[in-house]
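Results of the structural survey
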Amino acid sequence: PHLAALVLARGGSKGIPLKNIKLLAGVPLIGWVLRAAIDAGVFHSIWVSTDHDEIEKVAKQFGAQVHRRSPEVSQDSSTSLEAITEFLNHHHEVDIVGNIQATSPCLHPSDLIKVADLIQKEGFDSVFSVVRRHQFRWSEVKKGENKMTEPQNLNPAKRYRRQDWPGELYENGSFYFAKRHLIEKGYLQGGKMAYYEMRAEHSVDIDIDIDWPIAEQRVLSFGYFGKEPLKEVKLLVCSIDGCLTNGRIYVTEDHKEMVSYDYRDIVGIDLLKKRGIQVRLISDRDCSKTLSAMQLGCVAKVNVSNKLQVLKDWQEDMGLSWKEVAFLGNEESDVECLKQAGMSGVPADACAAAQKAAGYICKGRGGSGAVREFAEHIFLLLEKVNSSRKQ
């Protein structure tokens, strides 16, 4: 049976404009679930249903196909079931739909693999995600009613200790898998049903109970970053023009060049060095006088025609794996380096090709704190590496 992953990503949002592609920990929100779906390796096709050009662009960057949904199912009042039904009407090859919520950025491939087995090998018609919660419920008393609240799932005279109570299962909205015949009858849950219990730390829904800064911390702690385990970064290579500087060159009347940089970036470089991470600089043009004036104390290579070759030479000389190398670039000449490095980033104003190749897109522009921001991102991921080692 053809199992398709389908992420519904409408352009309109009452809360956060274009929320589905807003950067979360340097990655568009929708990118987190698409990465998990692709790496799960269980889907015959992976789709994003959208009505917006920018969302379509990001979806394709992450390797998904795009279904352009009609205006009829793109309204605030439109339901997920209506959008999924329309998708099936256009894709008759699909037998099973795995509807994955874009707002669940801590989803892991291992969860999707197990769910695919439930519906493909064990014969369930629908499977949905739940999380276990230990919350005591009480009946609601509406304003003006002259009555007392009543306990719903506890005896107040004998309250459970958390460790003595298994808790209750709640839908967390991460995904809903269902077979075509069920959806065509108007159901996402029905027939032979099963739930899949997700780990609490992976159950993050920023639509419901979490705000953006907290979600970023949760993703950095519990998100899925790729098939290979993270390693400690030991080398950061930074493109000079457009990353360390804003790319502008000022020429005086006596033909001398001047560039500007942000002191925050210099602090970021110093912090990296103090953590034992080497910082090296690279440029397409000869800017040796500028570097000398900045007095950064970093190894640098200028007037480079092949940045990837220089990066490979440095990586081999230091005896590093690619997972231990980070690269910050911004131009088309940086694309191959961004693809090769284990950790890659670009400033907010990097060219489209560089943004597509990068794993992290800074909020800051080149020459305006992007290096410092990327350094802080590296530090956060190093905390994740150290945490996994302790576990």
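Residues numbered from 1 in each chain as written. Predicted model: local features only at pLDDT ≥ 70, side-chain atom pairs only at ≥ 80, totals over all residues. Heavy atoms only, no water.

This part takes up the domain arrangement of the protein. Taken as a whole, the protein is organised into domain 1 (3-222) and domain 2 (235-389). Relative to domain 2, the C-alpha centre of domain 1 lies at a distance of 37 Å. Each partner contributes residues to the interface: domain 1 has 10 residues there, and domain 2 has 10 residues. Both faces considered, domain 1 and domain 2 share a buried interface measuring about 840 Å² in area, 59% of it formed by carbon and sulfur atoms. The tally of links from domain 1 across to domain 2 stands at 1 salt bridge. As a salt-bridge pair, Glu-216 and Lys-363 come within 3.8 Å of each other at their nearest N and O atoms. Where domain 1 meets domain 2, there are 0 residue pairs in polar contact (both at pLDDT 80 or more). (Domains from an automatic or database assignment. Contact = heavy atoms within 4.5 Å. Buried area = accessible area lost by both parts, 1.4 Å probe. Salt bridge = Lys/Arg side-chain N within 4 Å of Asp/Glu carboxyl O. Polar contact = N/O pair within 3.5 Å; in protein donor to acceptor, adjacent residues only side chain to side chain.)

In space, the 6 strands of this open sheet follow the order β14-β13-β10-β15-β16-β17, with parallel pairing throughout. One side of each edge strand has no neighbouring strand; the edge strands of this open sheet are β14 (299-301) and β17 (360-361). (Pairing = 2+ DSSP bridges. Helix = DSSP H or I, 4+ residues; strand = E, 2+ residues; numbered from the N terminus.)

Formed by 43 residues in total, the largest nonpolar core has its most connected members in Leu-244, Leu-281, Phe-374 and Ile-378. Among the elements that make up this core, the one with the highest residue count is helix α13 (residues 370-390) (8 residues). Here this core spans two domains, and each of domain 1 (3-222) and domain 2 (235-389) adds at least three residues to it. If near-sequence neighbours (up to four positions away) are discounted, Leu-244 is found in contact with Cys-238, Ser-239, Tyr-261, Asp-265, Ile-266, Ile-269, Leu-281, Met-294, Leu-296, Gly-367 and Val-371. Core analysis: the second largest hydrophobic core is formed by 37 residues, Leu-3, Leu-34, Leu-112 and Ile-119 among them. (Core = buried A, V, L, I, M, F, W, Y, C linked by side-chain atoms within 4.5 Å. Buried < 20%, exposed > 50% of the residue type's maximum accessible area, 1.4 Å probe, protein only.)

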